[in-house]
Amino acid sequence: QVQLVESGGGLVQPGGSLGLSCAASGTIFSIDHMGWYRQAPGKQRELVAIIESDSSTDYEDSVKGRFPLSRDNAKKPVSLQMNSLKSDDPAFYYCHAFLRTPIAWRYDSYWGQGTQVTLSS
């Protein structure tokens, strides 16, 4: 059983920083890509950042230069460092992985349960 275990999130002041981490547990054959999505109240879930198996990254425009995404190697946790947080950033942040297990013949999407990021007033 594959699970995505998230950590981080919480309350932070505007302009502050917060880190999120996501680790995939269970028996995994291969990870195509991992990353983070977010969903604010009344809005659709949107991609924040992803990292591919070759370590290339892609970011939503509003977080480019502020939210670097990193991973030590292909099966290590991915870390999203959120800097200069502003009013558009609060949301539930969800880890996502597109991976394949040893018994599966295809890649599938897996989601974490979500962690909330909130700005203090």
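*Asks:* In this structure, what is going on with the nonpolar core? I would like to understand it.
*Replies:* Across soluble globular proteins, nonpolar side chains have a tendency to be buried as a group. In terms of nonpolar packing, the biggest core is built from 29 residues, with Trp-36, Leu-80, Met-82 and Tyr-93 touching the most fellow members. At 5 residues, strand 9 (residues 91-100) tops the list of elements feeding residues into this core. Discounting chain neighbours no more than four positions away, the residues touching Tyr-93 are Glu-6, Leu-20, Trp-36, Tyr-37, Arg-38, Val-48, Phe-67, Met-82, Gly-114, Thr-115 and Val-117.

*Asks:* I tried to follow the side chain of Ser-30 on my own but got confused; where do I start?
*Replies:* As for its placement among the helices and strands, Ser-30 is situated in strand 4 (residues 30-39). Polar side-chain contacts of Ser-30 include one of 3.0 Å to the side chain of Tyr-107. Ignoring anything within four residues of it in the chain, the contact list for Ser-30 reads Leu-99, Arg-100 and Tyr-107.

*Asks:* Quick question: what am I supposed to make of the sheet that holds strand 7 (residues 69-71) here?
*Replies:* Hydrogen bonding along the main chain pairs the strands of a sheet, whether they run parallel or antiparallel. Pairing is antiparallel in the open sheet, where 4 strands are placed in the order 1-3-8-7. Every other strand in the sheet has two partners, leaving strand 1 (3-8) and strand 7 as the edge strands with one partner each. Pairwise comparison of adjacent strand axes, ignoring direction, gives a mean angle of 20 degrees for this sheet. Bridge analysis of strand 7 against strand 8 (residues 78-82) gives 3 bridges, and the strand direction is antiparallel. In the sheet register, Ser-70 faces strand 8, and the bridge partner there is Ser-79.

*Asks:* Looking at this structure, I do not really get the pattern of salt bridges. What am I missing?
*Replies:* Close approach of charged atoms allows side chains with opposite charge to pair. Applying the stated criterion across every chain yields a total of 6 salt bridges. The salt bridge partner of Arg-38 is Glu-46, with a shortest N-O separation of 2.7 Å. A relative accessible area of 31% places Glu-46 in the partly exposed class. For Arg-38, the salt bridge is made with Glu-60, and the minimal N-O distance between the two is 3.8 Å. Placement of the pair is Arg-38 in strand 4 and Glu-60 in the loop between strand 6 (57-59) and strand 7, with a sequence separation of 22 residues. The class for Arg-38 is buried, based on a relative accessible area of 4%. Connected via shared salt-bridge partners are Arg-38, Glu-46, Glu-60, Arg-66 and Asp-89.

Quick notes on the rules
- Residues numbered from 1 in each chain as written.
- Predicted model: local features only at pLDDT ≥ 70, side-chain atom pairs only at ≥ 80, totals over all residues.
- Heavy atoms only, no water.
- Core = buried A, V, L, I, M, F, W, Y, C linked by side-chain atoms within 4.5 Å.
- Buried < 20%, exposed > 50% of the residue type's maximum accessible area, 1.4 Å probe, protein only.
- Helix = DSSP H or I, 4+ residues; strand = E, 2+ residues; numbered from the N terminus.
- Contact = heavy atoms within 4.5 Å.
- Polar contact = N/O pair within 3.5 Å; in protein donor to acceptor, adjacent residues only side chain to side chain.
- Pairing = 2+ DSSP bridges.
- Axes fitted to C-alpha atoms, helices over the stretch in contact; angles between N-to-C directions.
- Salt bridge = Lys/Arg side-chain N within 4 Å of Asp/Glu carboxyl O.

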